[in-house]
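Spelled out from the first residue to the last, the chains are:
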Amino acid sequence: MTGREAAAAGAERAWRLEERESPFHLADDARAGLTASPKAMSPKYFYDARGSRLFEEITRQPEYYPTEAEREILRDWAAWLAARTRSEVLVEFGSGNADKTRVLLDALRDAGTLEGYAPIDVSADASRRAAEALIREYPGLRVEGVIGDFVHPHDLPFGGRRRLFAFLGSTIGNFERAEAAAFLSGVAGEMRDGDALLIGFDLVKDREILERAYNDAAGVTAEFNRNLLRVLNRELGADFDPDAFAHRAFWNAAEERIEMHLVSRAAQTVHLEELDLDVSFAAGESVRTELSHKFTPDSARRLLAGAGLRVEGWRTDARGRYALCLAVPDGEG
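Let me sum up the structure you'll find in this document. (Residues numbered from 1 in each chain as written. Predicted model: local features only at pLDDT ≥ 70, side-chain atom pairs only at ≥ 80, totals over all residues. Heavy atoms only, no water.)

## Overview of the pattern of salt bridges
Overall, the coordinates contain 24 salt bridges when judged by the stated rule. The residue Glu223 makes a salt bridge to Arg50 at a minimum N-O spacing of 2.7 Å. Highlighted residues: Glu223 in helix H9 (residues 220–236) and Arg50 in helix H3 (residues 49–58), separated in sequence by 173 residues. The shortest N-O distance in the salt bridge between Glu211 and Arg207 comes to 3.2 Å. A residue pair is termed a helical-turn pair when its members lie 3 or 4 positions apart in one helix, as Glu211 and Arg207 do in helix H8 (residues 207–213) at four residues. (Salt bridge = Lys/Arg side-chain N within 4 Å of Asp/Glu carboxyl O. Helix = DSSP H or I, 4+ residues; strand = E, 2+ residues; numbered from the N terminus.)

Below, the structure is given as structure tokens:
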């Protein structure tokens, strides 16, 4: 065996990804969502390969602040988090390519506690690439991941170690309130003595800042939104014309959320071959494609408290646009 082959074999032994039931049921979800009133689709179907690339491009747009704000907090706070939690394992929900993860892994390594990393994601390809890269960058790191639905967490890896669960970005805001509460209760149910949760909250702020973040001048978010129609065309034999739908994203103050819609520019009927289904749209009728709830410190604390979690630390970026919160099971000393 050559040195390269030996290294490759060692790398394979250093990581393991367990595949569980897929959360994607596009045919059922499309039939239910497109025949509902009002029409709605889950944002999880944005993220085919093209959609994932478009989202990465969104995070680089000048109007889109959450990624920059979160990195600012992580740079300033990671060492404190590592010292406070003394975590041996980082468990990350919706890990993707694990780009921001490295700040936390570096801090845990520098604190002398890092042993493992557990990515929990629907994308096997992204998790596999991240695992292979991380074991090269962090000698001795053990990676044990789960490929599947992280909305209902159970039997998560490294149960015998001190774990820092991380839910970065602002994905908690994409859940309906009841779904967010159920997810956090599931995480709390997985936590043992010494475990902690690091979670991101996009904060309520000026309407103009919020709406600009979802309506970038380059039109990347609009193309990302319309990518859902391309997924339906490819996977279900639909005949959507993406240009026949306008991107609309707006702040719903009463619900404290951004709503993203695709609005039919004219009356039209779309056929989905795989479902043997015709869907009619009136001019101006929309399909809601995403919700992004925003939080205040009080509403974030209430959401966590309802799941049996207590805020142990709270940090915002310098401009107060976004927050990371460290939470532990209520009652833990």
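## Remarks on the sheet that holds strand E12 (residues 286–293)
Strand order in the open sheet formed by four strands is E2-E12-E9-E8, and the pairing between neighbours is mixed. Sheet topology places strand E2 (39–40) and strand E8 (245–252) at the edges, where each strand pairs with a single neighbour. (Pairing = 2+ DSSP bridges.)

## Description of the nonpolar core
In terms of nonpolar packing, the biggest core is built from 36 residues, with Leu34, Met41, Leu232, Phe240 and Leu272 touching the most fellow members. Counting residues per element, this core draws most heavily on H9, at seven residues. Setting aside chain neighbours within four positions, we find Met41 in contact with Leu26, Asp29, Ala30, Leu34, Leu228, Leu232, Val287, Arg288 and Thr289. Core analysis: the next-biggest nonpolar cluster, separate from the first, contains 33 residues, Leu17, Leu90, Ile135 and Val143 among them. (Core = buried A, V, L, I, M, F, W, Y, C linked by side-chain atoms within 4.5 Å. Buried < 20%, exposed > 50% of the residue type's maximum accessible area, 1.4 Å probe, protein only. Contact = heavy atoms within 4.5 Å.)

## A few points about the environment of Gly331
Here Gly331 is to be found in the segment after strand E14 (322–329). Here Gly331 falls in the exposed class, since its relative accessible area comes to 67%. Sequence spacing of Gly331 and Asp149 is 182 residues, and the spatial spacing of their C-alpha atoms is 29 Å.

## What about the environment of Glu274?
Within the element layout of this structure, Glu274 appears in the loop between strand E10 (268–272) and strand E11 (277–281). The exposure class assigned to Glu274 is exposed, which follows from its relative accessible area of 57%. Each C-alpha atom of the pair Glu274 and Ala238 lies 7.8 Å from the other, and the pair is 36 residues apart in sequence. Beyond its immediate sequence surroundings of up to four residues, Glu274 is in contact with Glu235, Leu236 and Gly237.

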